[in-house]
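This is what each chain is made of:
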Amino acid sequence: MKLSREEVNDIALESRLLLTEKELDGAVKYINNFLDILDSFKELDLTNVEPFSFAEALECPLREDKVNAFTNTQGIFNESEHVDGSYFKVPRIMED
Amino acid sequence: MSELTFTPVIGIEIHIRLKTDTKIFCACSTDTDAPANTNICPVCMGLPGSLPRLNHNVVEKGMLAGMALHCTVQPRSLFFRKSYFYPDLPKGHQISQCDLPVVADGYIEVHDAEGKLKKIRVNHLHLEEDAAAMHHSASDGRLEGASTSYVDYNRAGMPLGEIVSEPDISSSAEAVEYAMNLQRRVRYAGASDADLDKGMMRFDANVSLKCSDGRWGRKVEVKNMNSFRALERAIEFEIKRQKKILQSGGEVLQETRHWNDAKGVTTASRVKEFYRKFIVEPDLPPLIVNQEWIDRVTAMMPEMPDVRANRYVHDMGLTQEAADILTDDKNTADYFEACVKAGANPVRAANWVRTEVLRVLNEMQKKISEFSIKPEVLAEIVRRVDDRKLSTTQAKEVFDYMCANDSGLDDAVKKLGITEGGVAGNALVEIIANVIKANPDVLAEIQSGKDTKGKKFKFLQGLVMKESKGQAKPQEVVEALTAALKQ
Amino acid sequence: MELYELDLYEASKGIKDKKFSPKELFESCKKRIDSCEDKIHAFITRTDGTAPVTENPNGIFAGVPTVLKDNLCTNGIRTTAASKILGNWKPPYDATAWKYLREAGAVLMGKVNMDEFAMGNTCGNSAFGPTHNPNDISRVPGGSSGGSAAAVSAGYVPFSLGSDTGGSIRQPASYCGVYGMKPTYGMVSRYGLISYGSSLDQIGPFARTIRDLQLVMSVLAQYDPMDSSCFREKNPDFTHNEDASIKGKRIALVKEFQNFTLDAPIAEAMKKTQKVLENNGAVITEVSLPVVSKYAVACYYALAMSEAHTNLERYDGVRYGYTVNDAAGIKEMFERVRSYGFGSEVKSRIIAGTCLTEPSRCDEYYVAATKVRTLIAQEFIRAFGECDFILQPVTPSLPHKIGEEDEDAMKGYETDLYTLPVNLAGLPGLSFFTGYDDATKLPVGLQLIGPRWSDSEILNAGMILERHLGSPKIANGGVK
Ligand SMILES: [Zn+2]
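Residues numbered from 1 in each chain as written. Chains lettered and ligands numbered in written order. Predicted model: local features only at pLDDT ≥ 70, side-chain atom pairs only at ≥ 80, totals over all residues.

The subject of this paragraph is the overall build of chain B. From N to C terminus, chain B includes 15 helices and 16 strands. Compactness check: chain B gives a C-alpha radius of gyration of 31 Å against a globular reference of 23 Å for 487 residues, more than 25% above the reference. In terms of principal-axis extent, the alpha carbons of chain B reach across some 105 × 65 × 50 Å. Put simply, chain B has 487 residues, and 44% of those count as buried. The contacts in chain B between residues at least 6 apart in sequence include a share of 69% that link residues at least 24 apart. (Helix = DSSP H or I, 4+ residues; strand = E, 2+ residues; numbered from the N terminus. Rg over C-alpha atoms; globule rule 2.2 N^0.38 Å. Buried ≥ 20, exposed ≤ 12 C-beta atoms within 10 Å, placed from the backbone. Contact = placed C-beta atoms within 7 Å.)

In sheet architecture, strand pairing relies on hydrogen bonds along the backbone and comes in two forms, parallel and antiparallel. Pairing in this open sheet of 4 strands is antiparallel, and the strands run β1(A)-β2(A)-β9(B)-β8(B) from one edge to the other. On the outer flanks of this sheet lie β1 (83–84) of chain A together with β8 (133–135) of chain B, each paired with one strand and no other. Pairing of β8(B) with strand β9 (residues 148–152) of chain B involves 3 bridges; the strand directions are antiparallel. Paired with H135(B) across the strands is Y150(B), a residue of β9(B). (Pairing = 2+ DSSP bridges.)

The subject of this paragraph is the confidence of the model for chain C. Residues with a pLDDT of 70 or more make up 98% of chain C, whose mean pLDDT is 95. Here the predicted complex carries an ipTM of 0.96, next to a pTM of 0.90. (pLDDT = per-residue confidence, 0-100.)

Taken residue by residue, the interface counts 48 residues in chain C and 44 residues in chain A. At the level of elements, α8 (290–311), α9 (330–341), α10 (344–356), α11 (363–386) and α12 (409–414) of chain C are the ones that each hand at least two residues to the side of chain C that touches chain A. Sorting elements by how many residues they give to the side of chain C that touches chain A places α11(C) first, with 11 residues. By residue class, the composition of the side of chain C that touches chain A is 28 nonpolar, 12 polar and 8 charged. (Nonpolar A, V, L, I, M, F, W, Y, C, P; charged D, E, K, R; others polar.)

A word on the environment of R81(B). For R81(B), the position within the fold is in strand β4 (residues 80–83). Not counting chain neighbours up to four residues away, the residues in contact with R81(B) comprise H93(B), I95(B), F278(B), I279(B), E281(B) and T310(C).

All names here are of chain B. Counting buried positions over the 11 residues of strand β11 (residues 201–211) gives 8, a clear majority of the element. Both strand β1 (residues 6–17) and β11 contribute to a ladder of 11 bridges, which runs antiparallel. When the sheet's bridge partners are listed, H15 is paired in β11 with R202. With 4 bridges joining them, β11 and strand β12 (residues 220–225) adopt antiparallel strand pairing. Looking at the pairing, V207 lines up with V220 of β12.

Okay, helix α1 (residues 56–68) of chain B next. Residue and element names in this part refer to chain B. Spanning 13 residues, α1 covers 19 Å between terminal C-alpha atoms, matching the ideal 18 Å at 1.5 Å per step. Counting buried positions along α1 gives 12 out of 13 residues, so the element sits mostly inside the fold. Among the residues of α1, those classed as buried are N57, V58, V59, E60, K61, G62, M63, L64, A65, G66, M67 and A68. Downstream of α1 by one or two residues, H70 has phi in the positive range, about 65°. (Expected span 1.5 Å × (residues − 1).)

This part is about the domain arrangement of chain B. All names here are of chain B. If you check the domain split of chain B, you get domain 1 (6–294), domain 2 (303–415) and domain 3 (425–486). Averaged C-alpha coordinates put domain 1 and domain 2 at centres separated by 37 Å. Across the boundary between the two partners, domain 1 contributes 5 residues, which contact 4 residues of domain 2. In terms of residue count, the dominant contributor to the side of domain 1 that touches domain 2 is helix α2 (residues 172–188) (4 residues). Classifying every residue of the side of domain 1 that touches domain 2 by side-chain character gives 2 nonpolar, no polar and 3 charged. (Domains from an automatic or database assignment.)

What follows is the structure in structure tokens.
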């Protein structure tokens, strides 16, 4: 096992996930299985291989700097339960 | 045992807001005066399904800023996702160029402790999006004790350039000079307004100490400085704090600390440092900048302040001090050069701009771009003094009158009763009054009728002519003096 | 014959020729849905309460009903990605793909089921319960676009949209007995598609004929400035051409795949299809894909999860979706929202993705995977120097019974070997119908893949296959 229960649980917390015992069991098995499979990469010589990009040498298209205001901002506000006046309200950030 | 000495090793990260009309990845306005949460859309709110679209002008302003810091444009750069959970970050990650920036390898010059020029290397400038603004207070204005924070997403997605220096800085003074110089240069380039009051320029500093006994303190990252003064104080505080630890044989921890401006201290961030994991932003292909674009932006680059100041000293005969003052702000320098171009003597134009113009602007709390006296008009005033059409005193009176009344040059001259080529009207009357006042015995002689040959009158006339620096017409002096003596 | 039985081409022609009204077609489809939906459960949200009015009476889809996978944003209409975390989210904007269909006159019957955030291949991993295969309601329809495939198979609508990250269009198309097209990456705008693995995701159509796929592709394949990975220069021609030929085309089998076992009906379908291709003048050859066959699965999951976990970081309950109102602090709020909102499979993939991209492991796993992906793409480029298309299964077996999922989750991943390399290399892939298995009466599908931008040629080859292998029938949908 590459990752212990505690390590997996730490990663879960880092992802803001609280796991049930059963979920943690599943995740531990899932990730360790997965890391074993990924070990197969070591069989390949990747030293001179570039990270993937599409063969057509795709370039980032650039947008003209022109304001085009989104008209349905009300549609955005409607979806949040945390709207207070013109702000979005969240619990105060508490440092732990 | 010899005394231990410590050398500060400081690197600075500066965020500047790039000057564009729209945000970096969406077409929302960058207007900082807009009411909260009005400049928002699916992209900058991180709504599911939305995708980023890179703003052409952000790249261009990034290139300009980089060039202003002697950086080289990189033909290929990339965006990454930098993850952390915080309500100011709508997607839970920030799109940033991090390791593969659009410009790299530059420098800024500062003066070291001995006053010698020293290069602070700029590692790179990378493009990234700003986070939303958080207000940790109630929306009704209540401050402390609020149990909630308020988020304004207008700032989310504002375009930033993060400028990362090498750890070449050795003191808080160098740090401040570096930052001020950087501010001046990116403003010159038109890349950023870098207005500290509007949060358009923010500082983080990495501070560590090298001890003469060979020990190296760990790097401490100090965040949350929003003014030059805060930058200076935070670095000084941190140097002192670390020195104390090292002197007592302790160990400086590698950590992130926050500058508390009100208390004047740095405090350890209690939040565990975020995992810095980056994956390539799959929604944005590589940013390619071709030579043609680089050439175009290079051509857009204005002369930088140091080069300009040099030219003023060597070609125009200004002092270094005057040249530095004039080039501090690009618009001031442009104004000065327009005066010279309109025919004003450079040295005298420089004196006028740095004393009178800057004084008046300061009094009126105005920018030079809003100044009512155009450079061509100031040049005309300077010329008239040179041609002895106006005395220096008159010219300043005229200048003040024009500033106060928003009037034209000829209008002001007329209103002040100055006739072409001389002291006249009220000014003359005033001189005469002063002369008489200073010579009561002469006055008494004339009034008692003793001055039959008019010698005493001639004496007063001579004094008046002298006082007016020869700018009064003799006939007018005779008339005005005669009238004054009759009173 | 009922109107709902018409395919897209016929339905659209019938409306244009005024043989029937859009409303009649709508009512017929609605009736069909009403009669089968209890058994199939394809919908998450129905929008067929009243007959929608077509936005473009002259468009090529004027008045033709359709459904969308529930990860495509629809303005003002609930979009869930089959996750509790989106709650009753109503997007304030339309996905570009849906906008294009709308503007061509299509009308929406609803949003259909999928695996949560497209993570899964059964359509059983949904917060709204499983969808059933209309050919045999005890079996899975495949996934993740199971609802889209089932809706077309059961005759709810003549065509639908799904998304394919590692086989999510092709596998359910095969399981449900319809045609499904995964276009070249960059052909169809992803704007408004709720991301899973952004560099792998692609939207595509389901239909009951190849001609219908061509019609839908002709509308979908338009440049969209809102998606920076969308290609501007490509102008594919999807015009239906009865005279298209595959004479002289080299169609390859993958050497390494020959060692893997296939269920008998699928092995038979492979033989039958090769014969049809040869009879039509194609040449059957062989290509070797050693890296693909050995490393594609690991590479795919490493990249999909790395991208997925960052795509899912935005779900925090502040701006939309499921939320809590009584959290003491922001960390608690995020934890409670995400722990309740995401299903177990999604959580596992988030944790895996987070794990792979942490500084200590990033080079070993994530960066290595991006390099392996380069090798895979290069291998396909080499292979397509030696052949025009590759013929291969979609899956090694026919759809299994609902609830009979493999205990070993990783084994499930291996069944994706035939579909996910296509996404890694950004290739187009067509899942086509070959006939029904005699024993189970289940449809059997296979896959034709080609080099990037060969989408229209693949569909031309598909048309010839359809002519000789026959088109699928509408499944009984659990109704006698
Ligand atoms: Zn926006």
